[in-house]
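Architecture at a glance
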Number of protein chains: 2
Amino acid sequence: MDVAGATRDRIRDEAIVLFSDRGYATTSLREIADRVGITKASLYYHFPSKQDLLVAIVRPLLTQWRDVVTDAESGPHTPADVRRILRRCVDTMLAHRAVAGLFLRDTAGILPALAPLVGDLVETNSRLRDWLAGPTPSAIARIRAVAVLELLRAALTAGATLGDVPDDLVRRTLLESAELVLAGREEGA
Amino acid sequence: MDVAGATRDRIRDEAIVLFSDRGYATTSLREIADRVGITKASLYYHFPSKQDLLVAIVRPLLTQWRDVVTDAESGPHTPADVRRILRRCVDTMLAHRAVAGLFLRDTAGILPALAPLVGDLVETNSRLRDWLAGPTPSAIARIRAVAVLELLRAALTAGATLGDVPDDLVRRTLLESAELVLAGREEGA
DNA sequence: GTCTATATTCAGATAGAC
DNA sequence: GTCTATCTGAATATAGAC
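Rules and cut-offs
The residue numbering used here restarts from 1 in each chain and proceeds along that chain's sequence as written. Whichever chain is written first is A, and whichever ligand is written first is 1; the rest continue in order. In keeping with the model being predicted, local features are shown solely for residues with a pLDDT of at least 70 and side-chain atom pairs are shown and tallied solely at 80 or more, while totals for entire chains, interfaces and linings include all residues. For side-chain calculations, the full set of non-hydrogen atoms in the structure is used, while hydrogens and water are omitted. Think of it this way: one heavy atom of a residue within 4 Å of a molecule or strand is enough to make that residue near it. The term polar contact refers here to a pair of N or O atoms within 3.5 Å; inside protein, the definition further demands a hydrogen-donor-capable atom paired with an acceptor-capable atom, and it admits residues adjacent in sequence only when both atoms are side-chain atoms. Helix and strand definitions follow DSSP, with helices as H or I runs of at least four residues and strands as E runs of at least two, each counted in order from the N terminus. Gly is placed with the polar residues, together with every amino acid not listed as nonpolar (Ala, Val, Leu, Ile, Met, Phe, Trp, Tyr, Cys and Pro) or charged (Asp, Glu, Lys and Arg). Residues count as neighbours in contact if any of their non-hydrogen atoms are within 4.5 Å of one another. Buried area is a sum: the accessible area each of two parts loses on coming together, probed at 1.4 Å, counted once for each and added. By definition here, a salt bridge exists when the distance from a side-chain nitrogen of Lys or Arg to a carboxyl oxygen of Asp or Glu is within 4 Å. Relative accessible area decides the class of each residue, using a 1.4 Å probe on protein chains only: under 20% of the type maximum gives buried, over 50% gives exposed, and in between gives partly exposed. UniProt positions are given in the numbering used here, feature names are shortened, and annotations may be inferred rather than shown by experiment. Any two rings among Phe, Tyr and Trp, with Trp reduced to its six-membered ring, count as a pair given centres within 6.5 Å; such a pair is stacked if its planes are under 30 degrees apart, edge-to-face if over 60, and tilted if neither. Placement of a charge over a ring requires the Lys NZ or Arg CZ to be within 6 Å of the ring centre, with the centre-to-atom vector within 35 degrees of the ring normal. Cavity and pocket criteria rest on a 1 Å grid covering protein atoms alone: a 1.4 Å probe that fits but cannot get out defines a cavity, protein on both sides within 12 Å along at least 5 of 7 lines defines an open pocket, and an atom within 4 Å of a point defines a lining residue. Grid points are joined across faces, edges and corners, and a volume is the space filled by probe spheres set on the points.

Here we take up the protein's contact with DNA strand C. Near DNA strand C, the surroundings consist of 16 residues, among which A:Tyr44, B:Thr39, B:Ser42, B:Tyr45 and B:His46 are the closest. Looking at DNA strand C alone, sugar and phosphate atoms form 62% of those within 4 Å of the protein. Between a phosphate oxygen of DNA strand C and a main-chain N or O atom of B:Thr39, the distance comes to 2.6 Å. B:Tyr45 is positioned such that a nitrogen or oxygen atom in its side chain is 2.8 Å from a phosphate oxygen of DNA strand C. Of all the secondary structure elements, the ones that give two or more residues to the surface near DNA strand C are helix H2 (29–36) and helix H3 (40–46) of chain A together with helix H3 (40–46) of chain B. Among the elements that take part in the surface near DNA strand C, H3(B) stands out by supplying four residues, more than any other. Tallied by class, the residues present in the surface near DNA strand C amount to six nonpolar, seven polar and three charged.

The immediate surroundings of DNA strand D are formed by 17 residues, with A:Thr39, A:Ser42, A:His46, B:Lys40 and B:Tyr44 found nearest. Within the contact set of DNA strand D, a phosphate oxygen lies 3.3 Å away from a side-chain nitrogen or oxygen of A:Thr7. Within the contact set of DNA strand D, a phosphate oxygen lies 2.7 Å away from a side-chain nitrogen or oxygen of B:Tyr44. Of all elements in the fold, only H3 of chain A together with helix H2 (29–36) and H3 of chain B reach the threshold of two or more residues within the surface near DNA strand D. Here the surface near DNA strand D gets four residues from one element, more than from any other, and that element is H3(A).

Interfaces are often sized by the accessible area lost when the parts come together. Facing 44 residues of chain A, the contacting portion of chain B comprises 43 residues. When chain A packs against chain B, the two sides together hide about 3500 Å² of surface, and 64% of this comes from carbon and sulfur. The largest per-residue losses of area from chain A upon contact with chain B belong to A:Ala108, A:Ile143 and A:Arg185, which jointly make up 17% of the total buried on that side. Linking chain A with chain B are eight salt bridges. As a salt-bridge pair, B:Arg142 and A:Asp164 come within 3.8 Å of each other at their nearest N and O atoms. Linking chain A to chain B there are twelve residue pairs in polar contact (both at pLDDT 80 or more). Secondary-structure elements contributing two or more residues to the side of chain A that touches chain B are helix H1 (6–22), helix H6 (97–105), helix H7 (107–110), helix H9 (139–152), helix H10 (154–162) and helix H11 (167–183) of chain A. Classifying every residue of the side of chain A that touches chain B by side-chain character gives 20 nonpolar, ten polar and 14 charged.

Next up on the list: the pattern of salt bridges. Residue and element names in this part refer to chain A. Counted under the stated rule, the structure contains 38 salt bridges over all chains. We note a salt bridge from Glu150 to Arg153, for which the minimum N-O separation is 3.9 Å. With relative accessibility at 10%, the residue Glu150 sits in the buried group. Owing to a relative accessible area of 13%, Arg153 belongs among the buried residues under this scheme. Between Arg172 and Asp168 there is a salt bridge, and its shortest N-O distance comes to 2.8 Å. With Arg172 and Asp168 both in helix H11, this residue pair falls four residues apart, about one helical turn. Residue Arg172 is classed as partly exposed on the basis of its relative accessible area of 46%. The network of salt bridges with shared partners includes Asp71, Asp81, Arg84 and Arg88.

Moving on to the UniProt feature "DNA-binding region" (unreviewed entry) in chain A. UniProt records the feature "DNA-binding region" (unreviewed entry) at residues 28–47 of chain A, using the numbering of this structure. Along residues 28–47 of chain A, the helical share is 75% and the strand share 0%, with 14 Å between the first and last C-alpha atoms.

Relative to the assigned elements, B:Thr173 resides in helix H11 (residues 167–183). Assessed through its relative accessible area of 4%, B:Thr173 is described here as buried. Other than its neighbours up to four places away in sequence, B:Thr173 contacts A:Ile140, A:Ile143 and A:Arg144.

This part is about the UniProt feature "domain: HTH tetR-type" (unreviewed entry) in chain A. Mapped onto the present numbering, the UniProt feature "domain: HTH tetR-type" (unreviewed entry) falls on residues 5–65 of chain A. Here residues 5–65 of chain A is 79% helix and 0% strand, with 25 Å between the C-alpha atoms at its ends.

Once that is clear, we can look at the environment of B:His77. Residue and element names in this part refer to chain B. Tracing the backbone through its elements, the reader meets His77 in the loop between helix H4 (50–73) and helix H5 (79–95). With residues up to four places along the chain from it excluded, the contact list for His77 reads Val82, Trp131, Leu132, Gly134 and Pro135. Within the structure, the side chain of His77 is placed 2.9 Å from the backbone oxygen of Trp131, a separation counted as a polar contact. A distance of 3.4 Å separates the side chain of His77 from the backbone oxygen of Leu132, its partner in a polar contact.

Bringing the packing of aromatic side chains into the picture now. Residues and elements named next belong to chain A. Tallied over the full model, the rule gives two aromatic pairs over all chains. A centroid spacing of 5.0 Å and a plane angle of 75° characterise the contact between Phe19 and Tyr24, whose relative ring orientation is edge-to-face. As far as burial versus exposure is concerned, Phe19 and Tyr24 are alike and both buried. The side chain of Lys50 reaches across the aromatic face of Tyr24, ending 4.6 Å from its centre.

All told, the structure shown has one cavity of 30 Å³ or more when counted by the stated rule. A volume near 50 Å³ is recorded for the largest cavity. If you trace the largest cavity, you find it lined by A:Gly23, A:Ala25, A:Thr26, A:Asp106, A:Gly109, B:Gly23, B:Tyr24, B:Ala25, B:Thr26, B:Asp106 and B:Gly109. Here the residues of the lining of the largest cavity are counted per class, giving three nonpolar, six polar and two charged.

Written out as structure tokens, the structure reads:
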């Protein structure tokens, strides 16, 4: 009664956990195979190399992330648009929570193995940053855009560090914070 | 005319760059030795193991970080205190910029090798988060504290991604943003 | 303090039987 | 699809001469 690709998915899931827990480089294919209950050789039947396994893990997130940015650039930059895009950013991170966490926790370890995709990713993030900063941005606006993208990471870490807070409260609080940062200090206080 | 410890320092510096560029696990001691212009065996004269090298690299930052948090807990939680502590956090990150960057970029790769220090670090960060959230914090206040700590990372990434912005502008902008996030949306708009 | 070996271990990857 | 068995290379680490 095995669905096609069941083993493949189990490999993927265990690999995500191990990679993000102990790092991509330090995790051996033997460990992954052991957890799944198969041998290294069987693993190689499903993924031709360790790098291919990583790429398969990461690609869905990168694809959706790129879609969000493309969407952002296709429209104007009203406050409502900014809010909509920020929300989609957070939702994308939460939808691919485990993979996004791997990205945040093992950046240096992963990027070399993702060399073929890294150019696209860097460009995507750069375009998102530029869009968030708005048309003809000041230096301060550009710093704020960087700060907002860092801030959104809390969508992934808040649950882990705080324990019990519900996703929805995290999302609302972070979106509000992001908007405050982008708007900056109001004049006249 | 060699100052005592000159080779040791050069090893440390090259290791920081390589570790944070390609990850701790993937960087071999041979690569480090090659860059310094010595052999692996000589490197082992200065550091008894790869792990000891990493600990020597990381400890100064952790010590100072702990000092900041201890200082925070020893005083009250007025807006002026919060501002002072946030500033010290940013300054600490900037003072140990390269090491802090290594920490952010290779978390998963590094933590297993830092096992003896990790307990302290986790506790320190947890205490800082609690202090920032203030006495008897709401769930939202705790999320905001997490968000602020993520936001401060931009002190390290802003320079790299934006290129030319001066440190001081980054620091001022981030401190202002952090305060806005902690204060939250003002009522009555 | 630095060198040239070398011991040891374990990774990623392949071949071929079942 | 999964197995056993094996190859190959490179890594950390050590011993001992200079």
